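Results of the structural survey
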Amino acid sequence: MTDPSPYPAVIIQKPQKTAIPLVVSSPHSGQKYFQDFLESSRLSLWELQQTEDRFVDQLFECVPSIGGTLLTTEFPRIWCDVNRDCRELDSGMFKPSLSATGLLQTSKVRAGFGVIPRCATQGRPIYTHCLPLDEVQRRLVASWVPYHQALQNLLYEMQKQFGSVILLEAHSMPRLHQAKSCDMVLGDLHGKSCSPALTEYVEQYFSGRGYAVRRNVPYAGGYITRHYGQPSEGIHALQLEICRSRYLNPATLQPSRGFEQVKNDIDDLVLELADLACHAFQVSEAAVAE
């Protein structure tokens with residue numbers, strides 16, 4: 001069997017100095033598209049690109065320089081979404097149909113947003129026809145499996161070495177259509193995926209920089225946060241959603257004038273998280289309560 005990917009699907013940017021127990025995962029920032037995928041899509045490249053967490057990996061490019069590890073993808077989420085369980089597959093997308101045995105028919109799958117997405121946005125199908133059945137193995141083997149093998153190994157090694165590790169799950173989001181503005185959403189599964197002290201720390205940081213911050217609404221945490229966040233085992237997973245309007249020009253899909261400010265604030269956050277990680281969350285719950 002030939003290599004299903006002509007480029008490295010997963011990129012691990014390792015620490016450039018003494019390693020610290022901090023991993024930043026940016027699973028939706030990939031921007032490379034297979035030609036056969038583009039040809040099979042009814043949507044334009046520009047429409048597909050709007051589903052990316054575009055440039056989030058660049059917002060966090062400082063991570064290796066302070067001793068953390070940055071895990072990113074080259075493939076786009078619209079081709080394979082590694083922030084889904086590998087069993088979240090829509091059997092009707094394929095011809096012949098995929099056996100439904102063992103599959104997870106979640107609300108995401110029903111809406112068209114499984115591990116191999118059927119839709120780009122609500123009600124906007126990607127494909128003109130059903131996909132061949134071997135496309136499931138091709139995409140999972142090329143992307144989902146190596147991403148989760150890398151992430152699992154990184155977290156296990158750091159937990160073993162340091163006793164605890166911070167996993168920051170980095171994403172972007174469209175502008176929320178509520179009356180009150182929102183720049184950042186922190187998702188900790190309502191206190192289940194990480195120490196409350198970590199969530200409070202990050203919330204206070206962004207609020208202090210003038211950002212409007214919410215917790216868990218409308219994003220409480222995806223598959224990666226749920227699957228890996230085990231604070232009782234020393235793995236603290238926090239999902240961060242950054243409003244794209246703060247750093248991205250929606251017309252050109254290029255960095256806006258706000259990009260450098262957001263990046264500078266992210267740089268400072270990473271430095272503070274590095275210090276927090278090295279001191280194993282020595283922010284007391286009592287201090288958080290105050």
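Located above this text is the structure these notes cover.
Bear in mind that the values here come from a model prediction, so they are computed numbers and not experimental data. (Residues numbered from 1 in each chain as written. Predicted model: local features only at pLDDT ≥ 70, side-chain atom pairs only at ≥ 80, totals over all residues. Heavy atoms only, no water.)

**Describing helix α5 (residues 134–162)**
Threshold: Secondary structure elements follow DSSP: runs of H or I of four or more residues count as helices, runs of E of two or more count as strands, with numbering from the N terminus. To estimate the expected span of a helix, count its residues, drop one, and scale the result by 1.5 Å. The bend reported for a residue corresponds to the angle between axes fitted to the seven residues ending at that residue and the seven starting there.
Helix length check: α5 (29 residues) gives 41 Å between terminal C-alpha atoms against 42 Å at 1.5 Å per residue, within 8%. Of all the bends in α5, the greatest measures close to 45° and is centred on Leu140. One or two steps after α5, the chain reaches Gly163, where phi turns positive at roughly 90°.

**Overview of the environment of Ala274**
Definition in use: When a residue's accessible area, from a 1.4 Å probe over protein chains only, is under 20% of the maximum for its type it is buried; when over 50% it is exposed; and in between it is partly exposed. Any two residues having at least one pair of non-hydrogen atoms within 4.5 Å are treated as being in contact.
Along the chain, the position of Ala274 falls in helix α8 (residues 259–278). According to the relative accessible area criterion, Ala274 is buried, its value standing at 10%. Note: C-alpha distance between Ala274 and Val63 (211 residues apart in sequence) is 9.1 Å. Those residues in contact with Ala274 that sit more than four places away from it in its chain are Ile20, Leu22 and Ile66.

**Looking at the packing of aromatic side chains**
To be explicit about the condition: Side-chain rings of Phe, Tyr and Trp, where Trp is taken by its six-membered ring, are said to pair if the distance between their centres is within 6.5 Å; with planes under 30 degrees apart they count as stacked, over 60 as edge-to-face, and otherwise as tilted. Here, over-ring charges are defined by two tests on the NZ atom of lysine or the CZ atom of arginine: distance to the ring centre within 6 Å, and angle to the ring normal within 35 degrees.
Across all of its chains, the model carries 8 aromatic pairs by this definition. Aromatic side chains Phe37 and Tyr127 sit 6.0 Å apart centroid to centroid with 75° between the ring planes, which places their arrangement in the edge-to-face category. Pair noted here: Phe37 is in helix α1 (residues 35–40) and Tyr127 is in the loop between β6 (124–125) and β7 (131–132), with a separation of 90 residues, a long-range link. Summarising the burial analysis for this pair, Phe37 and Tyr127 share the class buried. The structure contains a cluster of three or more aromatic residues connected by ring pairs, namely Tyr33, Phe37 and Tyr127. A cation over an aromatic ring shows up here: Arg138 above the ring of Phe34, its NZ or CZ 4.5 Å from the ring centre.

**Concerning the pairing of strand β8 (residues 165–173)**
Within a regular strand, the side chains alternate between the two sheet faces. Heads up, the condition is: Between any two strands, at least two bridges found by DSSP are needed for them to pair.
Counting buried positions along β8 gives 9 out of 9 residues, so the element sits mostly inside the fold. A two-sided burial pattern is seen for β8, the buried positions comprising Val165, Leu167, Glu169, His171 and Met173 on one face and Ile166, Leu168, Ala170 and Ser172 on the other. In this structure, strand β2 (residues 22–26) lies alongside β8, joined through 4 bridges in parallel fashion. Residue pairing for β8: Val24 is matched across the bridge by Leu168. One ladder, built from 9 bridges, connects β8 with strand β11 (residues 235–243); its direction is parallel.

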